[in-house]
Amino acid sequence: MIDYAPLLIRIEQNTKKLSDKCLHRKYEGYSSDIAQIHADLTLLAMWMVAQETKDILDGVYRSE
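As a starting point, this report considers the structure included with it. Everything quoted here is computed from the prediction, not taken from an experiment.

Quick notes on the rules
Residues numbered from 1 in each chain as written. Predicted model: local features only at pLDDT ≥ 70, side-chain atom pairs only at ≥ 80, totals over all residues. Heavy atoms only, no water. Helix = DSSP H or I, 4+ residues; strand = E, 2+ residues; numbered from the N terminus. Areas by Shrake-Rupley, 256 points an atom, 1.4 Å probe, with all protein chains shown as cover. Lys, Arg positive; Asp, Glu negative; His and termini not counted. Charge placed at Lys NZ, Arg CZ, Asp CG, Glu CD. Salt bridge = Lys/Arg side-chain N within 4 Å of Asp/Glu carboxyl O. Buried < 20%, exposed > 50% of the residue type's maximum accessible area, 1.4 Å probe, protein only. Phe/Tyr/Trp six-rings, centres within 6.5 Å; stacked < 30°, edge-to-face > 60°. Expected span 1.5 Å × (residues − 1). Arc of directions from axis to C-beta.

## A look at the overall build of the protein
Okay, step 1: Across its full length, the protein carries two helices and zero strands.
Okay, step 2: Referenced to the eigenvectors of the C-alpha coordinate spread, the extents of the protein come out at roughly 60 × 15 × 15 Å.
Okay, step 3: Entry remark: accessible area of the protein is about 5,200 Å², with carbon and sulfur atoms responsible for 62%.
Okay, step 4: For the protein, the separation between the mean place of its 8 positive charges and that of its 10 negative charges on side chains is 11 Å.

## Observations regarding the pattern of salt bridges
Okay, step 1: On inspection of all chains with the given rule, the structure shows five salt bridges.
Okay, step 2: The salt bridge involving R10 is made with D40; its shortest N-O contact spans 2.7 Å. Pair noted here: R10 is in helix α1 (residues 4-23) and D40 is in helix α2 (residues 30-63), with a separation of 30 residues, a long-range link.
Okay, step 3: Under the relative-accessibility criterion, D40 is labelled buried at 1%.
Okay, step 4: K17 is the partner of D33 in a salt bridge, and the nearest nitrogen-oxygen pair spans 3.5 Å.

## With respect to the packing of aromatic side chains
Okay, step 1: Under the counting rule described, the total for this entry stands at one aromatic pair.
Okay, step 2: Measuring from ring centre to ring centre gives 4.8 Å for Y4 and W47, while their planes differ by 40°; the resulting arrangement is tilted. Within this pair, whereas Y4 is found in helix α1, its partner W47 is found in helix α2, the two being separated by 43 residues in sequence.
Okay, step 3: The class of Y4 is partly exposed, set by a relative accessible area of 38%.

## Overview of α1
Okay, step 1: Spanning 20 residues, α1 covers 28 Å between terminal C-alpha atoms, matching the ideal 28 Å at 1.5 Å per step.
Okay, step 2: Of all the positions in α1, only L7, I11, N14, L18 and K21 are classed as buried. In an axial view of α1, the angular spread of the buried residues amounts to 90°, which keeps them on one side of the axis. Exposed side chains of α1 directed beyond 90 degrees from the buried face belong to E12, Q13 and L23.
Okay, step 3: Within two residues after α1, R25 carries a phi angle of roughly 55°, on the positive side.

Remember that the coordinates give geometry; whether it matters functionally is a separate question.
This is the structure in structure tokens:
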């Protein structure tokens, strides 16, 4: 299972890097920054769904 903390840190770092590129009008590599942010957001969403599913199943099994 993946851990969400490194994903959040990487999203924050890449978002800051992208912001700096826009601020200084240095757009080289912006598409790879956006692709990495997108990939990390997708993994984060998958982690959240897995956690939600686990919580639902734990609730079901506890009630029996």
